[in-house]
Amino acid sequence: MSVRENGRTMNSANGNQHRGFSMSSDDDMIDITTTGTVTERSIHYDDPGTSHFAADGDEIPGIGQYEDFHTIDWQRDIARDRMRHRYIVKRRQNSLFDLVKGAHDAWSGWVCVLLVGLTTGVVAGVIDIGASWMSDLKYGICPSRFWFNREQCCWSSNETTSFETGNCSDWLTWSEVLGQSRTGAGAYIISYLMYIAWALLFASLAASLVRMFAPYACGSGIPEIKTILSGFIIRGYLGKWTLIIKSVGIMLSVSAGLSLGKEGPMVHIACCIGNILSYLFPKYGRNEAKKREILSAAAAAGVSVAFGAPIGGVLFSLEEVSYYFPLKTLWRSFFCALVAAFVLHSINPFGNEHSVLFFVEYNNPWIFFELVPFVGLGIIGGVIAAIFIRANLYWCKYRKTSKLGQYPVTEVLIVTAVTAVLAYPNPYTRMSTSELIYLLFRKCGVTNTDDLCDYNRNFTDVKSAVDLASAGPKVYRAMWLLVLALIFKLLATVFTFGIKVPCGLFIPSLCLGAIVGRIVGIGMEQLAFNYPHIWVFSGECSTMKDCITPGLYAMVGAAAVLGGVTRMTVSLVVVMFELTGGVRYIVPLMAAAMASKWVGDALGSHGVYDAHINLNGYPFLDSKEEFAHTSLAADVMQPKRNETLSVLTQDSMTVEDVETLMKETEHNGFPVVVSRESQYLVGFVLRRDLNLALAQARRAVEGLRPSSLVLFTSNSPQQPPQPGTPAPLLLKNILDMAPITITDQTPMETVVDMFRKLGLRQTLVTHNGRLLGVITKKDVLRYVKQLDNEDPNSVLFN
């Protein structure tokens, strides 16, 4: 078939055709479509008997994109980007404009992550300031400067009284605002009622905003982010409305006093920013595989601003959420996290010189024997995490299958009301969770007035070291209150995680572990005080110096529970020492994190995020799990042997035949074979692309009839068309001529590795070159679940 381009004649069969582009042999013209498949531009066909609807450079709108709740084809998208890049490099010598265009393409990734880091830092600063201000509204207001929170209000006064005592005259409690005194029964009742009223107001606003404007803004977001980064499409989950409502909603949820944190949702918020800004750069906005490089960097920035831990953020993105993490993505994630942390530090939302959330300063080294209680804390943390995950999953399943799920706002209000009523009487549950964690991490000194620091010490010199001393009665009272707080926080978090408001799990997990750790730490401290001559303590504690630091135990316990809940290890340790500044305590943190993970894995196979991925039926193939079964590809492929496979033929089907096949099947793609008799493979066509191509052909091609032949070849039929015969329709430009194929004897262990490492959407199974069947990602997931004695139908999406 000859074609004429710009007045010159050429043979299209001699053009250099490659997956992703076509070039003319005369002037090396290249045209890249949105699919990365072959197309012609400005081509006029001499043969009147052939219809090609994509002539004159018309691209089919939507080709190459993906349907909602479908899996992307990593290999196709990466190949498209490589072809696009080669074309740009080749054109750089032509003109100054092409040179600038090539330079822009080269640094667009760095510019994109720079913008993501800047925006994420600003948004995080606004969220931190807003959440702090609204949280303090439950207790009172600063009349002189109503936009100040309690801490800032007391800073602005000349009084030396700490704001923690509540005696700052510039800060008025609600009982004082209403004309009552600061203390007394009447003041307590008024404060109690105002606490509940503000909590219900904030929670109702958060739930209503989520329900009306952005249903995807609820929850943590990390399970869905992990699934999206593995190649799954969830339209709107990273959109602008989700970003706005999640940012506002997390401030309201934290301010309501619910047992949740804003740190997990910050990853979702950062990924929303990354998704939106990627559309400024077509290299990333139009290519789903490339976009996930930006999203991985954004996830690192989210953890960086959540905890002030840029290195931990990069490791979190690598270990926990990212599926495809090449070296250049590591560098860009590091840069993005750095920029985000710098911006947040410049905003200084915490009002101190530290960018970390819970800065502590321990001067004493840990002693070797303390590894035993540290590992014990890891074991306890793993047990608490397993109890939480099982209870939360049970409640979430009940919510999905009962009428409770039909009334999300009502559930939020009930949980908020119960939480507020039970939290206020206990001072350790009344304060915000972040304040409680800082209190538990903190080392008791001369100026501390909390009950946890009520030791029988005789300070003669405020500059002297703090000695070991017996605990006073307030310490034991505080420990009982902490036990009650532990039980309350555990139960409250079980019912809170999963309700229809933005809610994170990092801070509640840290709080649970910090409570356990502080209690164990006080116990070890009193043991060292009462029995200093035991061989365990005879070296370091025999001089009655401060050899045991209960705050360190709280830090280790916090890492243990968080590690058990999320199954993080390396990134967890780095986040913890960045979070607290306790670099010298890496070994205790490592020991607790490892013990927690082992116990958690023994009591339950998944962390909370993977468990929620399975609960929602997302097609997530975990790269950390091993496939140890001795099955073959023929055991998994669809259809089974002796069953009919739905295929397209390259040159013998009509438009009516193709449309009938798509109506009778629900497959997401169809193999193209030479003929039904031979079953030799030619390529693969996606259902979406085929639908769009036929729809475009009906609009653009005159004389298209149901009896028109559909050709997936470059050549016209050898016989010239008879008069009155409709012209054939050429659809080779949507054909993937290099699909991934395996033989029917390939071990499934190899197939699963291919799906994980190559990011496959499907693979075709052949035998001696003849097509036998197809294995999709969904087929692999269902087969794995079946072998693990789980319900294979729980995998809901494609």
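Residues numbered from 1 in each chain as written. Predicted model: local features only at pLDDT ≥ 70, side-chain atom pairs only at ≥ 80, totals over all residues. Heavy atoms only, no water.

(A) Examining the overall build of the protein chain more closely. Helices and strands together make up the secondary structure of the protein chain, namely 27 helices and 17 strands. Burial statistics for the protein chain: of 798 residues in total, 57% are counted as buried. Across the protein chain, the fraction of contacts at a sequence separation of at least 24, relative to all contacts at a separation of at least 6, is 72%. Here the protein chain displays about 34000 Å² of accessible surface, and carbon together with sulfur accounts for 59% of that area. (Helix = DSSP H or I, 4+ residues; strand = E, 2+ residues; numbered from the N terminus. Buried < 20%, exposed > 50% of the residue type's maximum accessible area, 1.4 Å probe, protein only. Contact = heavy atoms within 4.5 Å. Areas by Shrake-Rupley, 256 points an atom, 1.4 Å probe, with all protein chains shown as cover.)

(B) Structural view of the sheet that holds strand β14 (residues 729-730). The sheet built from 3 strands is open, its strands ordered β10-β13-β14 with mixed pairing. The strands lining the two open edges of the sheet, one partner per strand, are β10 (653-654) and β14. Note: β10 against strand β13 (residues 709-711), 2 bridges, orientation antiparallel. By the bridge assignment, T654 is partnered in β13 with L709. (Pairing = 2+ DSSP bridges.)

(C) Spatial organisation of the nonpolar core. Grouped together as the largest cluster of nonpolar side chains are 164 residues, with contacts concentrated most on F307, Y428, F441, L510, M576 and I775. When residues of this core are assigned to their parent elements, the largest contribution, 12 residues, is made by helix α18 (residues 506-530). Dropping the residues within four chain positions of it, M576 is found in contact with F441, L510, M555, A558, A559 and L589. With 22 residues, the next largest nonpolar core counts V682, L690, A693 and L731 among its residues. (Core = buried A, V, L, I, M, F, W, Y, C linked by side-chain atoms within 4.5 Å.)

(D) Looking closely at the pattern of salt bridges. Enumeration according to the criterion identifies 21 salt bridges in this entry. Where R84 meets D81, a salt bridge forms, and the shortest distance between an N and an O atom there is 2.8 Å. One end of the pair, R84, and the other, D81, are both in helix α1 (residues 74-91), 3 residues apart, so they sit about a helical turn from each other. Residue D81 is classed as buried on the basis of its relative accessible area of 11%. A salt bridge links K262 to E263; the nearest nitrogen and oxygen atoms lie 3.8 Å apart. In terms of burial, K262 and E263 fall into one category: buried. Salt bridges here are not isolated pairs; linked through shared partners, they connect D81, R84, D105, K290, E293 and R332. (Salt bridge = Lys/Arg side-chain N within 4 Å of Asp/Glu carboxyl O.)

(E) Broad picture of the state of the cysteines. Considering all chains together, one arrives at 1 disulfide under this definition. The disulfide partner of C142 is C153, and the gap between their sulfur atoms is 2.2 Å. Taking the sign of the torsion about the S-S bond as the criterion, the disulfide between C142 and C153, at about 75 degrees, is right-handed. Here C142, found in the loop between β7 (140-141) and α3 (150-155), pairs with C153, found in helix α3; they are 11 residues apart in sequence, far enough to count as distant. (Disulfide = S-S within 2.5 Å.)

(F) Molecular detail of the sheet that holds strand β15 (residues 741-743). Read from one edge of the open sheet, 3 strands run β15-β16-β17, paired in mixed fashion. Across the chains shown, the open sheet's two edge strands, defined by having one partner strand only, are β15 and β17 (770-776). When the angles between neighbouring strand axes are averaged without regard to direction, this sheet yields 35 degrees. Where β15 lies against strand β16 (residues 762-767), 3 bridges are found, and the strand directions are parallel. (Axes fitted to C-alpha atoms, helices over the stretch in contact; angles between N-to-C directions.)

(G) Fine view of the pairing of strand β12 (residues 681-686). In terms of residue burial, β12 counts as a mostly covered element, since 5 of its 6 residues are buried. In terms of strand pairing, strand β11 (residues 669-673) meets β12 through 5 bridges, oriented antiparallel. Its bridge partner lying in β12, F670 is registered against V685.

(H) Looking closely at the packing of aromatic side chains. Scanning the entire structure with this criterion turns up 21 aromatic pairs. Ring geometry for F69 against F232: centres 6.2 Å apart, planes inclined by 45 degrees, an arrangement best described as tilted. In this pair, F69 is assigned in the loop between β6 (44-45) and α1 and F232 in the loop between α6 (222-229) and α7 (240-255), connecting sequence segments 163 residues apart. For F69, a relative accessible area of 25% translates into the label partly exposed. Residue classification places F232 among the buried positions, given a relative accessible area of 1%. Here a set of aromatic residues connected by ring pairs shows up, and it is made of Y139, Y188, Y192, Y195 and Y424. (Phe/Tyr/Trp six-rings, centres within 6.5 Å; stacked < 30°, edge-to-face > 60°.)

(I) How the structure looks around unusual backbone geometry. Between Q638 and the following residue, P639, the backbone shows a cis peptide bond with an omega angle of -5 degrees. A positive phi is found at N768, a non-glycine position, where the angle reads about 55 degrees. The topology assignment puts N768 in the loop between β16 and β17.

(J) Quick look at the side chain of N287. Tracing the chain through its elements places N287 in the loop between α9 (282-285) and α10 (288-307). Here N287 falls in the buried class, since its relative accessible area comes to 4%. Leaving out residues up to four positions away in the same chain, N287 has contacts with D77, R80, D81 and P282.

(K) Representation of the side chain of K226 within the structure. The topology assignment puts K226 in helix α6. At 3.4 Å, the side chain of K226 forms a polar contact with the backbone oxygen of E320. The residues contacting K226, other than those within four sequence positions of it, are E320, V321, Y609, D610, I613, F620 and K624. (Polar contact = N/O pair within 3.5 Å; in protein donor to acceptor, adjacent residues only side chain to side chain.)

(L) Layout of the packing of helix α8 (residues 263-278) against α10. The interhelical angle for the contact between α8 and α10, taken along N-to-C directions, is 145 degrees, at an axis separation of 7 Å. Seen along the crossing, α8 lies across α10 with a hand that is right-handed. Across from E263, M266, V267, A270, C271, G274, N275 and S278 in α8, the residues of α10 making contact are K291, I294, L295, A298, A299, G302, V303, V305, A306 and F307. Here the residues of the contact of α8 with α10 sort into 12 nonpolar, 4 polar and 2 charged. (Left-handed = near helix turned anticlockwise from the far one by under 90°. Nonpolar A, V, L, I, M, F, W, Y, C, P; charged D, E, K, R; others polar.)

(M) Representation of the environment of L422 in the model. Within the secondary structure, L422 is located in helix α14 (residues 408-423). Ignoring any residue separated from it by four or fewer positions in sequence, one finds L422 in contact with T429 and F488.

(N) A look at α1. Between the first and last C-alpha of α1 there are 26 Å, a value that for 18 residues agrees with the 26 Å anticipated at 1.5 Å per step. Restricting attention to buried positions, one finds in α1 the residues W74, R76, D77, I78, A79, R80, D81, M83, R84 and I88. The opening residue of α1 is D73, an N-cap whose side-chain oxygen sits 3.2 Å from the backbone nitrogen of Q75. (Expected span 1.5 Å × (residues − 1).)

(O) Layout of a nonpolar patch on the surface. A contiguous nonpolar patch, built from M212, F213, W241, I244 and V248 and spanning about 500 Å² of accessible area, is present on the exposed surface. Elements with a contribution of two residues or more to the nonpolar patch: α5 (185-213) and α7. The element that contributes the greatest number of residues to the nonpolar patch is α7, accounting for 3 residues. Within the fold, M212 resides in helix α5. Among the residues examined, M212 registers a relative accessible area of 59% and is labelled exposed. (Patch = residues over 30% accessible without salt bridge, like charges linked within 9 Å, V, L, I, M, F, W, Y side chains within 5 Å.)

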